[in-house]
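# Observations on the model geometry
Residue strings, one per chain:
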Amino acid sequence: MSRPRLEVADVFHHHGAAWRRANAGHVSLGQLQVMSAIERCRSAALGGHVERCEDCGHSRIAYNSCRNRHCPKCQGAAAKDWLAAREADLLPVDYFHVIFTLPAEIAPIAYQNKAVVYDLLFRTAAETLLTIGADPKHLGARIGFTAVLHTWGSAMTHHPHLHIIVPAGGISHDNTRWVPCRPGFLLPVRVLSRLFRRLFLAGLADTHAAGRLALFGEIEGLRRRQAFAAHLAPLRRKKWFLYVKPPPSAGPEAVLAYLARYTHRVAISNSRLVSLDERAVTFRYKNYRRNGQARFRTMTLAPDEFIRRFLLHVLPKGLHRIRHYGLFASATCKTSIARARELIAAPPPASDPPEHDDAGLDAGVQADHRPPCPCCGGRMIIVETFERAGAPRGPPSPNAGVRSATP
């Protein structure tokens, strides 16, 4: 497993200490923990093991992963685990990709109240889809879907939104038939957008009235109820962005792979980093206001601004960024999926999948992702482990030192 030329960890190694000193007292414990985890990930600081090929005897050192859900190095393997765990939940129907986005005027409130506002975003988006899906004027069925929270734009600015994958249909209210969507059409976007806007703004106003919002700095004035109401008033007339499109139509497995691209993504992947020096960090991003090749751009930031933007997206402890609703809700998921398959006349999955916990998979790597032997392609087995800040008893093969995750 080759190591990227540049990593977010390199930025933290070179500039993290100075950034911590400059921002002492203004950084949360959670953000400091994320920085520390990424700096130590797949290094001797976390310990590791020695692997040896069963066929040719080649050996190498593999250092432990930090398993932090914000770490760019850990989330690729976590996505594979999640993908395997969800395969049996797929239905043999088309799927739609829905994106719910909060307007820019809400973003500062959301940043200062992540747990409260992100939870409200999940709840109101889910209520919107379930309500319109159940309405006899539209689909008239019980639907299910998976929602994934992203808080960033391509340039790592704060941009809270949900990616939701929805099967094209649902189970009738009397539980006797599968109700399909019209070809290429899920639910009316304008109706969804207006209901979402109304539900979210009502929920946000109630949350403010209950004293559950912390408002300080540039938005401190919004603590007053009249000022808060005046801030929200224009948003009741503004068009809220809601996007619906079908994902690739190459079968349910392709849909799941499509969703896995979103489930464990972090603010920036290591592959997007271009250069790093004492003065700047350069990375690739997409400008969605442009088309074609003009969309792909590079951006250069001062290291302290790069770190600040990355840490904008550290989620509160315990906040689940992947959630399932309706037919896919964990309490009734197996029963609902089995009934949906029966009504669609689809064969059951070949075998029962392993029990899975999305919260655990979201936190880090769960399965064996050891790459094969680089010499002969054979299976690598663990022959020795060593503790944090320790070292193996014997030297590995020449050119060893592959930085891969432990099982």
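Quick caveat, the model's predicted, so the values are computed rather than measured. (Residues numbered from 1 in each chain as written. Predicted model: local features only at pLDDT ≥ 70, side-chain atom pairs only at ≥ 80, totals over all residues. Heavy atoms only, no water.)

## Section: the overall build of the chain
Where we set the bar: Counting from the N terminus, the helices are the DSSP runs of H or I reaching at least four residues and the strands are the DSSP runs of E reaching at least two. Burial classification: accessible surface area is computed with a 1.4 Å probe over protein chains only, and a residue below 20% of its type maximum counts as buried, one above 50% as exposed, and the rest as partly exposed. Residues count as neighbours in contact if any of their non-hydrogen atoms are within 4.5 Å of one another. Under the convention used here, a 1.4 Å probe and the Shrake-Rupley method define accessible areas, while residue burial counts only the protein chains that appear.
Scanning the chain for helices and strands turns up 11 helices and 14 strands. The 407 residues of the chain split such that 51% are buried. Within the chain, residue pairs in contact and separated by at least 24 positions form 74% of the contacts whose partners lie at least 6 positions apart. A total of about 20000 Å² of accessible surface is found on the chain, and carbon and sulfur atoms cover 52% of it.

## With respect to the pattern of salt bridges
Applied cut-off: By salt bridge we mean one thing: a side-chain nitrogen of Lys or Arg within 4 Å of a carboxyl oxygen of Asp or Glu.
Applying the stated criterion to the full structure yields 11 salt bridges. Notably, a salt bridge pairs E54 with R379, separated by 3.0 Å at the nearest N-O pair. Of this pair, E54 sits in the loop between β1 (48-53) and β2 (59-63) while R379 sits in the loop between α11 (358-363) and β14 (380-386), placing them 325 residues apart in sequence. The partly exposed category is assigned to E54, whose relative accessible area is 45%. Of the charged contacts, one joins R309 and E305 as a salt bridge, the two residues approaching to 2.8 Å between their closest N and O atoms. Of this pair, R309 and E305 are both found in helix α9 (residues 303-311), 4 residues apart, which corresponds to roughly one turn of the helix. A relative accessible area of 14% means that R309 is categorised as buried.

## Examining the state of the cysteines
Cut-off, in case you're wondering: Throughout, disulfides are identified as pairs of cysteine sulfur atoms within 2.5 Å of each other.
Applying the stated rule across the entire model yields 0 disulfides. No disulfide involves C373; its sulfur sits 3.6 Å from the nearest other cysteine sulfur, which is in C56. Overall, C373 belongs to the buried group, its relative accessible area being 4%.

## Here's the deal with the environment of F228
The topology assignment puts F228 in helix α7 (residues 225-232). Considered as a pair, F228 and L204 are 24 residues apart in the sequence and their alpha carbons are 9.9 Å apart. With residues near it in sequence (within four places) discarded, F228 still touches I109, L204, A205, H208, L213, L215 and L222.

## Quick word on empty space enclosed by the protein
Operational definition: In this analysis the probe radius is 1.4 Å and the grid spacing 1 Å, with only protein atoms considered; a cavity is a set of points the probe fits into but cannot get out of, a pocket is an open set with protein on both sides within 12 Å along at least five of seven lines, and lining residues have an atom within 4 Å of a point. Grid points are joined across faces, edges and corners, and a volume is the space filled by probe spheres set on the points. Classes in brief: Ala, Val, Leu, Ile, Met, Phe, Trp, Tyr, Cys and Pro nonpolar; Asp, Glu, Lys and Arg charged; the others, Gly included, polar.
One pass over the full model with this rule turns up 2 cavities of 30 Å³ or more. Its volume calculated, the largest cavity comes out at about 140 Å³. Around the largest cavity, the lining residues are W82, R86, D89, L90, Y95, T146, I165, V255, L256, L259 and F328. Only α3 (75-86) and α8 (252-263) provide two or more residues apiece to the lining of the largest cavity. With 3 residues, the single largest contributor to the lining of the largest cavity is α8. Within this model, the second largest cavity holds a volume of roughly 90 Å³. A total of 4 residues in the lining of the second largest cavity trace back to one element, the largest contributor, which is strand β5 (residues 144-152). Its residues assigned to classes, the lining of the second largest cavity comprises 7 nonpolar, 4 polar and 1 charged.

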